[in-house]
Every structure is written in structure tokens, then in C-alpha cells.
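# Descriptive structure summary
Below, each chain spelled out in residue letters.
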Amino acid sequence: AIRQQLLKVGTIRDVRLIVATLSKPTASTSIPRTLALLDILANSGSKFESQTLGRKPTGLKRMLDHEADEIAAATANVFAAWRTSEVGNDLVALLQDQTRSPNVREAASEALAKFGETQYLERLQTLAGNGDIETRYLALVGLADADVELGVEAATKLFTLELEAG
């Protein structure tokens, strides 16, 4: 119901209100409501420019650490939609965090890829070639999403190493 109402209104004021609400450390909305609000923010990333918003939604950064994996992943999707590269290092750390679910880590990888910035593409390339196997695969997902040629190159190296090892 809340999503339908906001989609009808769809103004930058609504977006600012959602960011302000979710950015509060004391925000205690339910998981379904939080997911609906994050979904609206992600969808609005293509509708509005960050200049229109006045700032990028970096205030949501704490939600990357949310105990509910779906909220952390949805937050990464918001950052991807708004091209919020200021949280790139936090997303790299999330991608490398083996205690988080693969869905959260994959969302972090895909967000890094959507930034399209050389520094994050290089980090994905490095992670796709080094470290634990799950992180390598998840980094490969983002890398392939950003640049097919780099993704194929990294995948070839990864699969060659697996064949040699196994």
C-alpha cells in the first residue's frame, strides 16, 4: 500500500523523505516496509539525478550491516542505482565478508560494477583472481556485469586454476 501511494506521488520530496526516514539510527520500520522503501529508492535512482536529490543517499550506509540479509542486499542495490561510489570501500568489505550470505555479497559485487569506476573494477578483478573461491566467483559476477571481456578473462583464469588444482 505504501509503495503504491509513493509511486503515484513520485516526487523528489518523497525520495528525500524516505532517505531521511531510513537514515535515522532509531528507525524501527518493519522488514517488509523497509524493503518496500528501499525498492522505491532503487527504482527512483534512474528517475532522478543525485543533483536533484541534493546529495546521494550515503546516510543509508549503516544499513549494509543490517542483520537481515535482504535489507543489506537491497541497500547495496540502492547505492548501485544512485551510483553512490562514496560507499565503494564499504561494498568491497561486504563482498569479502564470508559471514554474509552469497546474496548480500553478490549485490555488493554488482553495485561495485555499476559504479563503472576504474578503482572498483580493478578491485573486482583482483578479488576474482585471489582469495577464497566464493569471493572469487562473486567478484567475477560483478566484473562480468561491468565488462564482459574482463569477466571472460577472469573466468578463464579462475577455471584454469580450478582444473589444475582439482
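Because the structure is a prediction, the values reported are computed rather than measured.

### Things to note about the packing of aromatic side chains
- For the structure on display, the rule yields one aromatic pair.
- Consider the rings of F115 and Y120, whose centres lie 5.9 Å apart with planes at 65°: the pair is edge-to-face.

### Quick look at the packing of helix α3 (residues 31–44) against helix α5 (residues 69–81)
- Viewed as axis vectors pointing N to C, α3 and α5 meet at an angle of 15°, and their least axial separation amounts to 8 Å. On the basis of their axis angle, the class for α3 and α5 is roughly parallel. Every pair of crossing elements has a handedness; the one defined by α3 and α5 is left-handed. Contacts between α3 and α5 involve I31, T34, L35, L38, L41 and A42 from the first element and E70, I71, A74, T75, N77, V78 and A81 from the second.
- Looking at the contact of α3 with α5 residue by residue, the classes come out as nine nonpolar, three polar and one charged.

### Here we look at the side chain of R105
- Along the chain, the position of R105 falls in helix α7 (residues 102–115).
- Exposure remark for R105: the relative accessible area of 0% places this residue in the buried category.
- For R105, the residues in contact, after removing those within four places along its chain, are L94, L95, Q96, D97, Q98, R100, D132, E134, T135 and L138.

### Section: the pattern of salt bridges
- Scanning the entire structure with this criterion turns up four salt bridges.
- A salt bridge links D90 to K61; the shortest N-O distance between them is 3.7 Å. With D90 in helix α6 (residues 88–96) and K61 in the loop between α4 (50–53) and α5, this residue pair connects regions lying 29 residues apart in the sequence.
- Among the residues examined, D90 registers a relative accessible area of 29% and is labelled partly exposed.
- A relative accessible area of 38% places K61 in the partly exposed class.
- Here D145 makes a salt bridge to K114, at a shortest N to O gap of 3.8 Å. Remark: K114 occurs in helix α7 and D145 occurs in helix α9 (residues 133–146); sequence separation between them is 31 residues.
- Since its relative accessible area comes to 44%, D145 is described here as partly exposed.
- Classification of K114 as partly exposed rests on a relative accessible area of 37%.

Rules used in this analysis
- Residues numbered from 1 in each chain as written.
- Predicted model: local features only at pLDDT ≥ 70, side-chain atom pairs only at ≥ 80, totals over all residues.
- Heavy atoms only, no water.
- Phe/Tyr/Trp six-rings, centres within 6.5 Å; stacked < 30°, edge-to-face > 60°.
- Axes fitted to C-alpha atoms, helices over the stretch in contact; angles between N-to-C directions.
- Helix = DSSP H or I, 4+ residues; strand = E, 2+ residues; numbered from the N terminus.
- Parallel < 35°, antiparallel > 145°, perpendicular 65-115°, else oblique.
- Left-handed = near helix turned anticlockwise from the far one by under 90°.
- Contact = heavy atoms within 4.5 Å.
- Nonpolar A, V, L, I, M, F, W, Y, C, P; charged D, E, K, R; others polar.
- Buried < 20%, exposed > 50% of the residue type's maximum accessible area, 1.4 Å probe, protein only.
- Salt bridge = Lys/Arg side-chain N within 4 Å of Asp/Glu carboxyl O.

Bear in mind that shape data such as this cannot, by itself, settle questions of function.
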